[in-house]
Amino acid sequence: MKRLGFGFMRLPLIDPDDPTSINKEELKELIDIYMKNGFNYFDTAHVYHKGVSEKIIKELIVDKYPRDEYIIADKLPIFNINSKDQMETIFQEQLDRLGVNYIDYYMIHNASTRHQEKIDKFQAYEFIKHLKDKGYVKHIGISCHDGPEFIEETLKKHPEIEFIQLQINYLDWNNKTIDAKGCYDVACKYEKPVIVMEPIKGGTLINVPDDVKKLFKSTNPDKSLASWALDFDLNLDNVFMILSGMNTKKQLEDNIHTTETFKKLTQKQLDIIKKAAKLIGRSHEIPCTFCGYCLDGCPEHINIPKYFDLYNTNKILENNHAIMYYENYTSDHPKPSACIECGNCMEICPQRINIIEQLKNVTKTFN
Ligand code: SF4
Ligand code: SF4
């Protein structure tokens, strides 16, 4: 299987403020190029683009290509489940939206300590195992943003888990909160193949400070920043799929080229990546990946990831452009100071960011 998966979490949009306004024409072209090059893995979830991500797979892939020519990965949104029966209802809805009668890779979405009570109460593992036994899904697993201890405990208790989807990129590899290396090591210990999500950390690894750009360019002037990030994950032997959200033809072609021409990294290349991670780490104070999960539940409609992006950008840029963006944006959108500290966003944030405190920092910085 070719190791570049098409992530359907951040699709090209017509209106950047409307996650359901997917630009079908652009996406169709990208999918066709991707398939023509022999790639065929599509990753979606019940919640992506408010459900439109699954529907668009039906329209642009399922209705066009024979079922055995593509692979679909989808997820059970355990965080939105409030009864055992609801799992069945949602799964059926997913099959209907996708227009298929089986899903290739099905996982519990964001399995974590925070959702363990629900997982146990509604017997989520028994449910996905039952789906596999009945032939509705081919492989079962988890997507996880928790730490190595949680993963160890889960894999020990549930040998039926066949694979695990983890956030792995060179910036999070030695990060104390994410501990991507620790998570990967546990997956290897239990011989569970890994699907990588966020290889470019929601775009963070292509919006790097100038000294990092110089470092990479001086090593190889023709290599893109994204390809350094993908190479880091391709270099991990236990990784069988790397998901990338690809919004433009240029990005897609670059990712295809990187995957097709990948060669094991040398120690010198690994040292350069390590050095880059250190430099970025200094400026990337808030580890937001712009997944947008926190947006729906905010009663004050605060665009949390937007403010975190501006905050981090402000640390990188030496000019004052981020401040100008902040002033323009807050003139007609709720400010970070509108936060009433309800905590809804912190419940759901997979990066475990102290959003309430960080919003205060954003206000302090820009004011
Ligand atoms: S804590 Fe603040 S930012 Fe988070 S959901 Fe509540 S109001 Fe919105
Ligand atoms: S704050 Fe957390 S939930 Fe919100 S976009 Fe960033 S990473 Fe996602």
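This one's a predicted model, so the numbers in the text were calculated from it and none came from an experiment.

Q: An account of the site of ligand 2 is needed here, citing residue identities and associated values.
A: Near ligand 2, the surroundings consist of Cys288, Thr289, Phe290, Cys291, Gly292, Cys294, Pro305, Phe308, Cys349, Pro350, Gln351 and Ile355. Across the shell around ligand 2, the residue classes break down as nine nonpolar, three polar and no charged.

Q: Give me the nonpolar core: which residues, what numbers.
A: Residues Phe8, Ile31, Phe42, Ile168 and Tyr170 are the most contacted members of the largest nonpolar core, which totals 101 residues. Ignoring any residue separated from it by four or fewer positions in sequence, one finds Ile168 in contact with Trp173, Ala180, Tyr184, Val194, Val196, Met197, Glu198, Pro199, Phe232, Asp233 and Leu236. Core analysis: the second largest hydrophobic core is formed by 20 residues, Cys294, Tyr307, Leu310 and Ala322 among them.

Q: Go over the packing of helix 9 (residues 225–234) against helix 10 (residues 249–261), please, and point to the residues and values.
A: Close contact between helix 9 and helix 10 brings their axes to 10 Å; oriented N to C, the two are set at 40°. One finds that helix 9 runs oblique with respect to helix 10. You can see that helix 9 and helix 10 cross each other, and the crossing is right-handed. Each of Ala226, Ser227, Leu230, Asp231 and Leu234 in helix 9 lies in contact with helix 10, whose residues at this interface are Asp254, Asn255, Thr258 and Thr259. Residue classes in the contact of helix 9 with helix 10 are distributed as three nonpolar, four polar and two charged.

Q: Help me get a handle on the domain arrangement of the protein, residues and values and all.
A: Domain boundaries assigned for the protein yield domain 1 (4–283) and domain 2 (304–366). Between domain 1 and domain 2 lies a buried interface of about 1,000 Å² when both sides are counted; carbon and sulfur atoms form 42% of it. Counting every contact that joins domain 1 to domain 2 gives zero salt bridges. Scanning the region where domain 1 abuts domain 2 turns up four residue pairs in polar contact (both at pLDDT 80 or more). Partitioned by chemical class, the residues of the side of domain 1 that touches domain 2 number four nonpolar, seven polar and three charged.

Q: Describe in detail the pairing of strand 4 (residues 103–111), supporting the description with residues and values.
A: Within strand 4, nine of the nine residues are buried, which leaves the element mostly enclosed by the surrounding structure. Relative to strand 4, strand 3 (residues 71–76) runs parallel, the two sharing four bridges. Residue pairing across strands places Lys75 opposite Met107, the latter belonging to strand 4. In terms of handedness, the path from strand 3 via helix 3 (residues 84–98) over to strand 4 forms a crossover that is right-handed. Relative to strand 5 (residues 137–144), strand 4 is paired through six bridges, and the arrangement is parallel. Directly across from Ile103, in strand 5, lies its bridge partner Val137.

Q: Go over helix 9 with me, naming the residues and quoting the values.
A: Summarising burial for helix 9: ten of the ten residues are buried, a large majority. Every buried residue belonging to helix 9 is among Leu225, Ala226, Ser227, Trp228, Ala229, Leu230, Asp231, Phe232, Asp233 and Leu234, and all of these are buried.

Q: Can you break down the side chain of Arg67 residue by residue, with the values?
A: Take Arg67: it is sitting in the loop between helix 2 (52–62) and strand 3. Polar contacts involving the side chain of Arg67 include one to the main-chain carbonyl oxygen of Tyr70, which spans 3.1 Å. Within polar-contact distance, the side chain of Arg67 engages the side chain of Asp104 at 2.8 Å. Apart from residues lying up to four places away in sequence, Arg67 is in contact with Ile72, Val100, Tyr102, Ile103 and Asp104.

Q: Got a sec to walk through the site of ligand 1? Specific residues and values, please.
A: In the region of ligand 1, 13 residues are neighbours, and Cys298, Cys339, Cys342, Gly343 and Cys345 sit closest. Of all the secondary-structure elements, those providing two or more residues to the shell around ligand 1 are helix 14 (344–348) and helix 15 (355–366). Here the shell around ligand 1 is built from residues that sort into nine nonpolar, two polar and two charged.

Q: So what's going on with the pattern of salt bridges? Residues and values would help.
A: Counting across every chain of the model gives 22 salt bridges. Between Asp296 and Lys50 there is a salt bridge whose closest N-O contact spans 2.9 Å. In this pair, Asp296 sits in the loop between helix 11 (267–283) and helix 12 (304–316) while Lys50 sits in the loop between strand 2 (41–43) and helix 2, placing the two residues 246 residues apart along the sequence. You can call Asp296 exposed: its relative accessible area is 61%. Residue Lys50 is classed as partly exposed on the basis of its relative accessible area of 49%. Within the structure, one salt-bridge network assembled from shared partners comprises Lys28, Asp32 and Lys64.

Q: I'd like a description of the packing of aromatic side chains, backed by residues and values.
A: Between two aromatic rings, the relevant description is the distance of the centres plus the angle of the planes. Applying the stated rule across the entire model yields 20 aromatic pairs. Considering the side-chain rings of Tyr34 and Phe42, the 5.3 Å spacing of their centres and the 65° angle between planes classify their relative orientation as edge-to-face. Residue class for Tyr34 comes out buried when judged on its relative accessible area of 0%. With a centroid separation of 5.1 Å and an interplanar angle of 75°, the aromatic rings of Phe91 and Tyr106 are classed as edge-to-face. With Phe91 in helix 3 and Tyr106 in strand 4, this pair connects stretches of sequence that are 15 residues apart. We note that Phe91, like Tyr106, is buried. Taken together, the ring pairs in this structure connect Tyr170, Trp173, Tyr184, Phe216, Trp228 and Phe232 into an aromatic cluster. One cation-aromatic arrangement involves Lys138 over Tyr102; the distance from NZ or CZ to the ring centre is 4.4 Å. The ring centre of Trp228 lies 5.6 Å from the NZ or CZ of Lys223, which sits over that ring.

Calculation criteria
Residues numbered from 1 in each chain as written. Chains lettered and ligands numbered in written order. Predicted model: local features only at pLDDT ≥ 70, side-chain atom pairs only at ≥ 80, totals over all residues. Heavy atoms only, no water. Near = heavy atom within 4 Å. Nonpolar A, V, L, I, M, F, W, Y, C, P; charged D, E, K, R; others polar. Core = buried A, V, L, I, M, F, W, Y, C linked by side-chain atoms within 4.5 Å. Buried < 20%, exposed > 50% of the residue type's maximum accessible area, 1.4 Å probe, protein only. Contact = heavy atoms within 4.5 Å. Axes fitted to C-alpha atoms, helices over the stretch in contact; angles between N-to-C directions. Helix = DSSP H or I, 4+ residues; strand = E, 2+ residues; numbered from the N terminus. Parallel < 35°, antiparallel > 145°, perpendicular 65-115°, else oblique. Left-handed = near helix turned anticlockwise from the far one by under 90°. Domains from an automatic or database assignment. Buried area = accessible area lost by both parts, 1.4 Å probe. Salt bridge = Lys/Arg side-chain N within 4 Å of Asp/Glu carboxyl O. Polar contact = N/O pair within 3.5 Å; in protein donor to acceptor, adjacent residues only side chain to side chain. Pairing = 2+ DSSP bridges. Right-handed = clockwise from strand over helix to strand, strands pointing away. Phe/Tyr/Trp six-rings, centres within 6.5 Å; stacked < 30°, edge-to-face > 60°. Lys NZ or Arg CZ within 6 Å of the ring centre and 35° of its normal.

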